[in-house]
Amino acid sequence: MARPSLWVFDVQRKITYKNLSTWYTELREFRPEIPCVVVANKIDDMKMTQKSFNFARKFSLPLYFVSAADGTNVVKLFNDAIRLAVSYKQNSRDFMDEVLQELENINLKQEEEEEMPDKEQPGRIQSPSPS
């Protein structure tokens, strides 16, 4: 299943926020339609929720203020991310999703073949047993 991209930064460490634009640009180069969510973590100081984080607004992305320490908004974030993933999966026109699904199918087939005993694997030629 397609997964939304969660962009988590620490509101107490500016460098974690500054890198978001570069990473976002790189992602969009290869996956232009995958859903993204911005997550401002460590909001233990509630004043941080009053700050303006322009990155999310600039790219029209949802912004969640969370605290992993006390669980604030964590469940809501993941529930909404799951909804985004399901919606994206149902409506995606991104060919990379098809490619990734085919790769996953190939891996599953290979795993199934590896689990079969040697004599039952299709396309395998058995060496004669020594007499």
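As shown above, the structure is provided for reference.
Residue numbering note: each chain is counted from 1, following its sequence as written. Residues qualify for local features only when their pLDDT is at least 70, as the model is predicted, and side-chain atom pairs are given and counted only at 80 or more; totals for whole chains, interfaces and linings, by contrast, use all residues. Calculated side-chain values reflect all of the structure's heavy atoms, with hydrogen atoms and water omitted.

1. Some details on the environment of L61
- With respect to the element layout, L61 can be found in the loop between helix 3 (54–58) and strand 3 (63–65).
- Residues L61 and P35, 26 residues apart in the sequence, show an inter-C-alpha distance of 8.6 Å.
- Any two residues whose heavy atoms approach within 4.5 Å at even a single point are treated as in contact. Ignoring sequence-local partners within four residues, the contact set of L61 consists of Y24, C36, V38, F55 and A56. Helix and strand labels come from DSSP, where a helix needs a run of H or I of at least four residues and a strand needs a run of E of at least two; each type is numbered from the N terminus.

2. What about the pairing of strand 2 (residues 36–41)?
- Buried, partly exposed and exposed residues are distinguished by accessible area as a fraction of the type maximum, computed with a 1.4 Å probe on protein chains only: under 20%, between the cut-offs, and over 50%, respectively. Along strand 2, 6 of the 6 residues are buried, which leaves the element largely enclosed by surrounding structure.
- By the alternation rule, side chains of strand 2 split into C36, V38 and A40 and V37, V39 and N41, which are all buried.
- Alignment of strand 1 (residues 5–10) against strand 2, held across 6 bridges, turns out to be parallel. Directly across from W7, in strand 2, lies its bridge partner V38.
- Relative to strand 3, strand 2 is paired through 3 bridges, and the arrangement is parallel. Note that in strand 3 the partner of V38 across the bridge is L63. When DSSP finds two or more bridges between two strands, those strands count as paired.

3. Description of the side chain of T16
- Note on placement: T16 falls in helix 1 (residues 14–18).
- You can call T16 buried: its relative accessible area is 17%.
- Polar contacts, as used here, are pairs of N or O atoms within 3.5 Å; protein pairs need one atom able to donate a hydrogen and one able to accept it. Residues neighboring in sequence count only if both atoms are side-chain atoms. For T16, the side chain forms a polar contact with the main-chain oxygen of R13, separated by 2.7 Å.
- Among residues more than four places away in sequence, those in contact with T16 are F9 and D10.

4. Observations concerning the pattern of salt bridges
- Salt bridge, as used here: a side-chain nitrogen of Lys or Arg that lies within 4 Å of a carboxyl oxygen of Asp or Glu. Scanning the model with the defined rule gives 3 salt bridges in all.
- Between K76 and D80 there is a salt bridge, with its nearest N and O atoms 2.9 Å apart. Of this pair, K76 and D80 are both found in helix 4 (residues 74–91), 4 residues apart, which corresponds to roughly one turn of the helix.
- On the accessibility criterion, K76 (46% relative accessible area) is partly exposed.
- Three or more residues joined by partner-sharing salt bridges are found here, namely K76, D80 and R83.

5. Some thoughts on a nonpolar patch on the surface
- Distance thresholds for patches are 9 Å for like charges and 5 Å for nonpolar side chains (Val, Leu, Ile, Met, Phe, Trp, Tyr), applied to residues having over 30% relative accessible area and no salt bridge. Under the convention used here, a 1.4 Å probe and the Shrake-Rupley method define accessible areas, while residue burial counts only the protein chains that appear. Together, V99, L100, L103 and I106 line one region of the surface with nonpolar side chains, adding up to about 310 Å² of accessible area.
- Looking at the secondary structure, you find L100 in helix 5 (residues 95–115).
- Judged by its relative accessible area of 40%, L100 falls in the partly exposed class.

6. As for the sheet that holds strand 1
- The strand order 1-2-3 describes an open sheet built from 3 strands, whose pairing is parallel. The open sheet is flanked by strand 1 and strand 3, the only strands paired with a single partner. On average, adjacent strands in this sheet sit at an angle of 25 degrees to one another, irrespective of strand direction.
- Where helices are involved, their axes are fitted lines through C-alpha atoms of the stretch in contact, as for all axes, and angles between N-to-C directions lie from 0 to 180°. Sheet contacts for helix 2 (residues 20–30): strand 1 and strand 2; angle to strand 1, the most-contacted strand, approximately 170 degrees.

7. Some thoughts on helix 4
- Helix span, expected: 1.5 Å multiplied by one less than the number of residues in the helix. Taking 1.5 Å per residue, 18 residues should reach 26 Å; helix 4 reaches 26 Å between its end C-alpha atoms and fits that length.
- Three or more residues of helix 4 are buried, namely L77, D80, A81, A85 and Y88. Looking down the long axis of helix 4, one finds its buried residues gathered within 145 degrees of arc, a one-sided arrangement. Of the exposed residues in helix 4, the ones pointing more than 90 degrees away from its buried face are V75, I82, R83 and Q90. By arc we mean the arc of the directions from the helix axis to the C-beta atoms, nothing more.

Scope: geometric values only; no functional claims are made or implied.
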